[in-house]
Amino acid sequence: MATFYVTTPIYYINDAPHLGSAYTTIVADVLARYRRLRGADTFFLTGTDEHGLKIQRAATERGIEPQAFADEVSELFRQTWPKLGCAPDDFLRTSSARHKRGAQAMWRRIEQAGDIYLGHYTGLYCVGCESYYTDKELEQPGGICPTHKKPAELVKEESYFFRLSQYQERLTRFYENNLRFVEPESRMNEVKSFVAGGLEDLSVSRTTFNWGVPVPGDERHVMYVWFDALSNYFTALDEPADNGKYWPPDVQLVGKDILRFHAVYWPAFLMAAGFADDELPRHVVAHGWLTYGGQKMSKTLRNTVSPVALAEAVSPAVGVDTVRYCLLRSISFGHDGDFSIDDVLARYGADLGNTLGNLLNRVHPFAVSEPGLTPAPDGPLETALFEAIVTAAREAAEAWDHVSPTRALEATWVGLAQANQYFDKAAPWAAKKSEPARVPTIVSAVVRALEAMSVLVCPVMPSVSAAMRAQLGLAPLGSAIGHDQWPLSLPAARAELALVRGEPIFPRFSPEKVAELRAAFTPH
RNA sequence: GCCGAAGUAGCUCAGUUGGUUAGAGCAGGCGUUUCAUACGCGCCGGGUCGGGGGUUCGACUCCCUCCUUCGGCACCA
């Protein structure tokens, strides 16, 4: 049985969910939905990373316990995803008991393998901030702390280390045997050159704070954040029912900023814990940053945009699907990309309203006049249409398999365009007068095309898919393990159609609404 | 500084290993249809493929150089 395991990073809870994390989560959700439609037994994991000094300090500032702080912000994340149409199978919190258990078990495995040892970490420490800084983070020359305007001190602290240096060769070999381990390729090269530059052992514990997973056997230490966090991908499955069934991850989505941790440290940890090469994650896929309306989003500039608010403003019914579509369609995956309200408006009108919505809408008048449908065998026009649809399905599948949302949606929309073209060529309005017997054939063909398109569109726009299918007289798509529903062959003709003409799925925006949306969502 | 990526039509981007007139979508123009959400369909893109030089019979596609932008160069979530 084919399984599919996809993960997002667990998000650090020092901030509310933003467009960037929404993008990652949506991509993961779309991949999960796609695989489910293909019949794979799929597991989609996300969660929150809740440990570390920053969280401890933020909690202290508010006069609450770190756990209470974490509970609050984590909940914010957990509640956000359904509002964006995302349905993770599990939501892992690093402060949960099961995760601590799992992380400690992972620690022990590595320790028993002899790859964790006690040593001393030296770093530049700012007493005022109570934390370490890198040269880059400090003001040069002099290594001045930007907050306290005092030079950071060189401090030595007891710390456990992971023998990362021992894994350079094996990692290199692993990359050579798995050329697509990291995608896109340019990122793979970055990772390779990083490893080729030599690896030092990694400090994996701290004693300067205690909000973390205690090191087993030495509770003066807590695991340093990356050891703790990365293990979540394994600990989430570390239950008898799941463990082994979904492991290893098929796709791990990460932002480019955290690629190294996932492409170097993480496989090394797993190697040390005794995983064979074919038990390591299959693909780590790095995406770029998002700007909004050409501007980098930042809290200080106060130009962050809430994807949830945007979706609600666009439309209560299809806003979420619209935002999902636009994010995936407009951002060239892997590159930095810009997302803007003008882009949303343009795509809502053109791609969604005109091409997709209108196609569905224009078939209805003919369908209602043809209740007892008896389509003739397909002619050349119909055959050409179905070939085009199947090609679109195949190309979209190929693109989804390679985590290329933009390409997948392009292929999908080629299918929709072909259906519109077919409708014009077949011209049922003319056939009605000249050759009435052909009308049922034409209606049937377009309905079958639309049925196929409702599948192709489903991973990205599940509610639109359901709305389309409702108008076509079909039940929403469900996931059936082992049953590939992707339309890689001609959709079956149905003798009886039960079309239900509904309101347009993507109603045209009034000029006033366009103005309102622009005003509300154009960053300044 | 070192390494790497990108710079292609107004906008967003595709362009396999170099080869006939450089592509798509959107926007815009023209035409057409009226089934449909003034929607669809058809036609229209003389862009020095960042600048310069070179290799080649021939380069957007290889090499050099310059300019611009963006990444990576280890403990930053």
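Residues numbered from 1 in each chain as written. Chains lettered and ligands numbered in written order. Predicted model: local features only at pLDDT ≥ 70, side-chain atom pairs only at ≥ 80, totals over all residues. Heavy atoms only, no water.

### Describing the confidence of the model for chain A
Residues shown with low pLDDT carry predicted positions that ought not to be read at fine detail. Put simply, the rule reads: pLDDT expresses, on a scale from 0 to 100, how confident the predictor is about each individual residue. Under the scheme used here, helices are H or I runs from DSSP no shorter than 4 residues and strands are E runs no shorter than 2 residues, and both carry numbers assigned from the N terminus.
With 91% of its residues at a pLDDT of 70 or more, chain A has an overall mean of 88. Here strand β15 (residues 295–296) is the element of chain A with the lowest mean pLDDT, 68, and helix α17 (residues 462–471) is the one with the highest, 96.

### Some remarks on the domain arrangement of chain A
Spelled out, the test is: The start and end points of each domain follow an automatic or database-based domain assignment. Only heavy atoms matter for contacts: two residues are in contact if any of them lie within 4.5 Å across the pair. Buried area, as used here, totals the accessible surface that two parts lose on assembly, with accessibility defined by a 1.4 Å probe and the loss added over both. Salt bridge, as used here, is a side-chain nitrogen of Lys or Arg placed within 4 Å of a carboxyl oxygen of Asp or Glu.
Taken as a whole, chain A is organised into domain 1 (3–113 + 226–287) and domain 2 (341–471). One C-alpha centre belongs to domain 1, the other to domain 2; they are set 38 Å apart. Each side of the interface is counted separately: domain 1 has ten residues, and domain 2 has nine residues. At the boundary of domain 1 with domain 2, total buried surface from both sides reaches about 900 Å², with 77% on carbon and sulfur atoms. Of all residues in domain 1, Val 30, Tyr 34 and Leu 37 give up the largest surface area on contact with domain 2, accounting jointly for 50% of the area buried on that side. Between domain 1 and domain 2 we count one salt bridge in total. Asp 401 serves as the salt-bridge partner of Arg 35, at 3.6 Å between the closest nitrogen and oxygen. Listed by contribution, the elements that provide at least two residues to the side of domain 1 that touches domain 2 are α1 (19–37) and β12 (251–255). Broken down by element, the residue count for the side of domain 1 that touches domain 2 peaks at six residues, all from α1.

### Let's talk about the sheet that holds strand β9 (residues 205–206)
Through backbone hydrogen bonds, the strands of a sheet pair up, either in parallel or in antiparallel fashion. For the record, the criterion: Here the rule is simple: two strands pair whenever DSSP picks up at least two bridges between them. Lines fitted to C-alpha atoms define the axes here, with helix axes fitted over just the stretch in contact, and angles between the N-to-C directions of these axes take values from 0 to 180 degrees.
Taken in spatial order, the three strands make up an open sheet running β9-β11-β10, and their pairing is antiparallel. Each edge of the open sheet is held by one strand with a lone partner, namely β9 and β10 (214–215). Two elements, β9 and strand β11 (residues 218–223), share two bridges in a ladder whose sense is antiparallel. Bridge pairing links Arg 206 to Val 222 in β11. Across the sheet, helix α4 (residues 97–112) lies against β9, β10 and β11, angled at about 100° from β11, the strand it touches most.

### Regarding the nonpolar core
For the record, the criterion: Among buried residues, those of type Ala, Val, Leu, Ile, Met, Phe, Trp, Tyr and Cys that are joined through side-chain atoms within 4.5 Å constitute a nonpolar core. Any residue under 20% of the maximum accessible area for its type is buried, any over 50% is exposed, and the rest in between are partly exposed; the area is computed with a 1.4 Å probe on protein chains only.
Membership of the largest hydrophobic core comes to 106 residues, with the highest contact counts inside it found for Leu 253, Leu 327, Phe 339, Trp 400, Trp 413, Met 461 and Trp 486. The element contributing the most residues to this core is helix α16 (residues 439–456), with twelve residues. Summarising the domain contributions, this core has at least three residues from each of domain 1 (3–113 + 226–287) and domain 2 (341–471). Look past the residues within four positions of Trp 413 in its chain and what remains in contact with it is Tyr 325, Asp 351, Leu 352, Thr 355, Leu 356, Val 457 and Met 461. Grouped together as the second largest cluster of nonpolar side chains are 53 residues, Phe 174, Tyr 175, Ala 236 and Tyr 265 included.

### Re the pattern of salt bridges
Applying the stated criterion across every chain, the model contains 23 salt bridges. Close ionic contact of Asp 90 with Arg 98 constitutes a salt bridge, the shortest N to O distance being 2.9 Å. You can call Asp 90 buried: its relative accessible area is 16%. The residue Asp 343 makes a salt bridge to Arg 347 at a minimum N-O spacing of 3.5 Å. Within this pair, Asp 343 and its partner Arg 347 are both found in helix α12 (residues 341–368), separated by four residues, close to a single helical turn. You can call Asp 343 buried: its relative accessible area is 18%.

### A look at the sheet that holds strand β3 (residues 90–93)
On the basis of which strands lie adjacent, the open sheet formed by six strands has the order β3-β2-β1-β12-β13-β7 and parallel pairing. Two strands in the sheet have a free side with no partner beyond their single neighbour: β3 and β7 (182–183).

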